[in-house]
Amino acid sequence: MKYKVCILAAGSGSRLNNLSKIHKSLLPINERAIISSIIEQFDKTIEIVIAIGSKHQQIQEYLRFAYPKKKIKFVRVKNYAGIGSGPGRSLLSCKKYLNCPFIFTSCDTLVKNKIHPPKLNWIGVDKVEDPEDYLIVHKSKNELINLVDKKKKTYFRKQLKDFSKKFDAFIGLAGIKDYKIFWKNLSQDNKLIKKEYQVSNGLKGLIKKKIQLKKFQWLDTGNQKNYLNAKKSLEKNQNLIKEGQFFYREKDVILKYFDDKELIKNLVYRSKFIKNSPKIKKNCHNFFVYDYQKGRLLSETNNNKIFKNFLEFMKLNFWKINKTFNYEKVRLNNYCKFFYEIKTKERVKKYFKEYNDIDKEHIINGIKVPKLKKLFSLIDWKELNNAIPVTFHGDLQPENIIYNKNKFYLIDWRDQFFKNKVIGDIYYEFSKLHHALVLSNRVIRENAYFVKEDKKKTINYYFKKRKNLLNYKHELEDYIKKNDYSLKKVELFSALIYLNIAALHHYPYNKLLFFHGKLTLYKVLLKYKVI
């Protein structure tokens, strides 16, 4: 059957709160944008029409990178926000391109069932407990007899004598066979519901023609809570969300999104200093694209020789002591003061503010640990801020290193070391690697950890340690000592990194980072007899 598909993606996505500046249709699940998952539910030959408005540039850039050969028609919706906007308005803007049977869907609707062609008129439904935010369907023998748009439970009980605990809600997905009747009714019925132009204006005109109800397993991703629940439901391993940035894999292409457009420019510039990094094929306002690099993550290898070879690779290509970098040493030391000391203390304050907490003593895993203020006062910050300038990667953790056929490839480099885009501190490189060999991202994705906190300031936590990474940690420490670097500095930095990044992550991972960082810092200070 010949038909088209229309995706309604003009809205602003205001229900996503502060998750990101990205359009809601581009939020990733299983390393793929939601809008890609919608497109992939249909045959490759089906023409796609997309209504765009808010953040339209992001959607167009992403889909042109992800589907360079696919026929997609973008339709700009003029009135995509404010009074008179809404899904009905967006759909009406696409009428010119939909003069045939079609399916329309909102860009935040994911379903697990197969979507059938519009051989008859149908709408997708699923059960909801609160009808206030939904178009509720009244049915008889699986056919639509009435639509009630966005009313409270009290309305159903008093006006319709409906005392249901759950209601059949329209999920934003429908098949339209009788498109001429649908367009006539949608065009003529200008009634606004909660100041928006709804698709129900068109659907009501099809009731006499019969509309079949199709039940779907529905995942609404339109607000932050529902999006995170959908990720949890669909992802076997929970990919960590980094503030303001997202990662996608579309077949053999990697796309990276960043809220910060200046960050994109810096990362593209920095790529030429990263030996064996993927070549950036395209970049634009919020995205850059490179080919997928085959191989295994260093974290998934289990061979000390491989890790030793990696350290030699870094020594040869990044960690050479270059005397020409000495001209930057004074400035780099000042950067280190901000990067290590000031920034860590600011991040700790941010963590306390988030939990309305204060600095205090804790008993962590049975060990009495002083206040952080006390621990920070015992650190020789001047020693820590004394940098050794080298070419740097900036986020040298084992999941950013790919091993393939005796070669190493580096991904996800940092955009700058404070303000320097070429030179960084070798101790930051060592410490990023060291801390991630103890507490790995895979352990967090697999939820192989717990944190228990009581009101008596007693903390107990646990996380699974991976044997292969602990072996690599010992190799790294041997390398540091044999090359006359300070293991003490690396261990201190590792503890500070946990504390530094705690405020950036989700609960309870942030608690694990904070308390593990605090306990580790205390143990390091004890080890070197600073306390």
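Residues numbered from 1 in each chain as written. Predicted model: local features only at pLDDT ≥ 70, side-chain atom pairs only at ≥ 80, totals over all residues. Heavy atoms only, no water.

> Which residues make up the side chain of Asn 400, and what values do they have?
In this fold, Asn 400 is placed in the loop between strand E23 (389-391) and strand E24 (401-404). Other than its neighbours up to four places away in sequence, Asn 400 contacts His 393, Asp 395, Tyr 409, Leu 410, Ile 411 and Asp 412. (Helix = DSSP H or I, 4+ residues; strand = E, 2+ residues; numbered from the N terminus. Contact = heavy atoms within 4.5 Å.)

> Describe the pattern of salt bridges, with residues and values.
With the rule as written, the count across this model stands at 27 salt bridges. With its nearest N and O atoms 3.7 Å apart, the salt bridge here joins Lys 4 to Glu 47. With Lys 4 in strand E1 (residues 4-9) and Glu 47 in strand E4 (residues 47-52), this residue pair connects regions lying 43 residues apart in the sequence. The same class applies to Lys 4 and to Glu 47, which are both buried. (Salt bridge = Lys/Arg side-chain N within 4 Å of Asp/Glu carboxyl O. Buried < 20%, exposed > 50% of the residue type's maximum accessible area, 1.4 Å probe, protein only.)

> I'd like to hear about the sheet that holds strand E18 (residues 280-283), residue by residue, with values.
With antiparallel pairing, four strands are arranged side by side in an open sheet as E16-E17-E19-E18. Here the strands that pair on one side only, and so sit at the sheet edges, are strand E16 (245-250) and E18. Across the sheet, the mean angle from the axis of one strand to that of its neighbour is 20°, orientation sign disregarded. Note that E16 and strand E17 (residues 253-258) share six bridges and pair antiparallel. Considered in E17, the bridge of Gln 245 is made with Phe 258. (Pairing = 2+ DSSP bridges. Axes fitted to C-alpha atoms, helices over the stretch in contact; angles between N-to-C directions.)

> Got a sec to walk through the packing of helix H9 (residues 304-317) against helix H13 (residues 426-438)? Specific residues and values, please.
Direction vectors running N to C along H9 and H13 enclose 160°, while the axes themselves pass 13 Å from each other. With respect to H13, the element H9 is oriented roughly antiparallel. Here H9 and H13 pass one another in a crossing that is right-handed. On H13, the residues that touch Phe 307, Phe 310, Leu 311 and Met 314 of H9 are Glu 429, Leu 433 and Leu 437. Among the residues making up the contact of H9 with H13, the classes are represented as six nonpolar, no polar and one charged. (Parallel < 35°, antiparallel > 145°, perpendicular 65-115°, else oblique. Left-handed = near helix turned anticlockwise from the far one by under 90°. Nonpolar A, V, L, I, M, F, W, Y, C, P; charged D, E, K, R; others polar.)

> Run through the nonpolar core, naming residues and quoting values.
Of all hydrophobic cores here, the largest spans 92 residues; its most connected members are Phe 310, Trp 319, Phe 430 and Leu 521. If you tally residues by element for this core, the top one is helix H16 (residues 487-502), at eleven residues. If sequence neighbours within four positions are ignored, Phe 430 has contacts with Trp 319, Leu 476, Tyr 479, Ile 480, Tyr 485 and Val 490. One finds Tyr 67, Phe 74, Leu 173 and Tyr 227 within the second-largest nonpolar core, a separate group that totals 54 residues. (Core = buried A, V, L, I, M, F, W, Y, C linked by side-chain atoms within 4.5 Å.)

> With reference to specific residues and values, describe the sheet that holds strand E22 (residues 367-369).
Spatially, four strands are ordered E22-E21-E28-E27 in an open sheet, and the strand pairing comes out mixed. The open sheet is flanked by E22 and strand E27 (449-453), the only strands paired with a single partner. Strand-to-strand twist in this sheet, taken as the mean axis angle between neighbours without regard to direction, amounts to 25°. Here strand E21 (residues 362-364) pairs with strand E28 (residues 458-463) via two bridges, running parallel. Looking at E28, one finds that Ile 364 is bridged to Ile 459.

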